[in-house]
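The lines below spell out each chain.
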Amino acid sequence: MDTTIDPHAWVYVAVQNPGNNETIIGQYDAEHDIHFIPLFKDRDAAMQGILHLAKNRGQTMEIQAIIFEDLINYAMQAGHLLFVLDGSGQILSKRAPNGEPL
């Protein structure tokens with residue numbers, strides 16, 4: 001399976017509080033002490049995958065497109081890894097905050 005992502009490609013993430021102090025939703029794996037941002041290569045997978053994400057009660061969220069390079073900058077500032085997921089929530093690839101495959 002090809003896991004490359006062009007830095008200029010659109011990817012999809014879950015956003016909390018869309019339009020009002022919105023933030024990209026990150027996840028925390030307590031077992032491995034890892035913070036990561038789940039991302040999807042296409043909107044359909046994101047719409048299915050959002051159901052598998054941990055959510056804060058009372059917060060609205062939606063899927064939004066973002067240029068992968070912009071997401072890399074966000075991940076580097078937050079110190080989060082990037083996990084590419086499929087629609088069932090399975091990890092397809094793991095990436096360092098700079099976007100390089102792990």
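Only a predicted model underlies this, so the values are computations on that prediction, with no experimental measurement involved.

1. Considering the packing of aromatic side chains
Per the stated rule, a full pass over the model turns up one aromatic pair. Measuring from centroid to centroid gives 4.2 Å for Phe 36 and Phe 83, while their planes differ by 15 degrees, and the two rings are stacked. Remark: Phe 83 occurs in strand 6 (residues 81-85) and Phe 36 occurs in strand 4 (residues 34-39); sequence separation between them is 47 residues.

2. Quick notes on the nonpolar core
If you look at the biggest cluster of nonpolar residues, it comprises 14 residues, and the most contacted ones within it are Val 11, Val 13, Ile 37, Leu 39, Phe 68, Leu 71 and Leu 82. At the level of elements, strand 1 (10-16), strand 4, helix 2 (68-78) and strand 6 are the ones that each hand at least two residues to this core. Broken down by element, this core gets its largest block of residues, four residues, from helix 2. Excluding anything up to four places from it in sequence, Leu 82 contacts Ile 37, Leu 39, Phe 68, Leu 71, Ile 72, Ala 75, Ser 93, Lys 94, Arg 95, Ala 96, Pro 97 and Gly 99.

3. Here's the deal with helix 2
Along an α-helix, a turn takes 3.6 residues, which lines up residues three or four apart on a common side. For helix 2, the set of buried residues is Phe 68, Leu 71, Ile 72 and Ala 75. With its buried residues spanning 105 degrees around the axis, helix 2 presents them on a single face. Looking at the buried positions of helix 2, the neighbouring elements they touch are strand 1, strand 2 (23-24), strand 4, strand 5 (61-67), strand 6 and strand 7 (91-95). Note on helix 2: the residue one or two positions beyond its end, Gly 79, has a positive phi of about 75 degrees.

Quick notes on the rules
Residues numbered from 1 in each chain as written. Predicted model: local features only at pLDDT ≥ 70, side-chain atom pairs only at ≥ 80, totals over all residues. Heavy atoms only, no water. Phe/Tyr/Trp six-rings, centres within 6.5 Å; stacked < 30°, edge-to-face > 60°. Helix = DSSP H or I, 4+ residues; strand = E, 2+ residues; numbered from the N terminus. Core = buried A, V, L, I, M, F, W, Y, C linked by side-chain atoms within 4.5 Å. Buried < 20%, exposed > 50% of the residue type's maximum accessible area, 1.4 Å probe, protein only. Contact = heavy atoms within 4.5 Å. Arc of directions from axis to C-beta.

Remember that the coordinates give geometry; whether it matters functionally is a separate question.
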